[in-house]
Amino acid sequence: MSARGIDFLDQWIANNVPRMMKADVLLVDELTHKLIADAKSLGIKRAEIDEEVDSLYRTILNAIEHPLPDFPK
């Protein structure tokens, strides 16, 4: 397992997945491609993320449909 992959995925979702938005196929596809490109630019291979989740598409879709609450810092 890749702690670096899951840490990146969690942080990326928190910073890039819009809240209070209706999910659609194009949005989720666009976000999935952006996530992969951003990971690549940091030297994180897709395999490092893929081994942590069943599906990037479903993970992003779930994050849009069921956002985590904001916690005070």
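Shown above is the structure to which this text applies.
Cut-offs used in this document
Residues numbered from 1 in each chain as written. Predicted model: local features only at pLDDT ≥ 70, side-chain atom pairs only at ≥ 80, totals over all residues. Heavy atoms only, no water. Salt bridge = Lys/Arg side-chain N within 4 Å of Asp/Glu carboxyl O. Helix = DSSP H or I, 4+ residues; strand = E, 2+ residues; numbered from the N terminus. Buried < 20%, exposed > 50% of the residue type's maximum accessible area, 1.4 Å probe, protein only.

Can you lay out the pattern of salt bridges for me, pointing to particular residues and giving the numbers?
Tallied over the entire structure, the rule returns three salt bridges. Where Asp38 meets Lys34, a salt bridge forms, and the shortest distance between an N and an O atom there is 3.0 Å. Residue Asp38 and its partner Lys34 are both found in helix 2 (residues 25-41); the two are separated by four residues, about one turn of the helix. When its relative accessible area of 22% is taken as the criterion, Asp38 is described as partly exposed. Between Asp50 and Arg46 there is a salt bridge; the shortest N-O distance is 3.0 Å. Separated by four residues within a single helix, Asp50 and Arg46 lie in helix 3 (residues 46-50), roughly one turn from each other. By relative accessible area, Asp50 is classed as partly exposed at 32%. Among the residues examined, Arg46 registers a relative accessible area of 42% and is labelled partly exposed.

Such coordinate-based values are descriptive only and should not be taken to indicate function.
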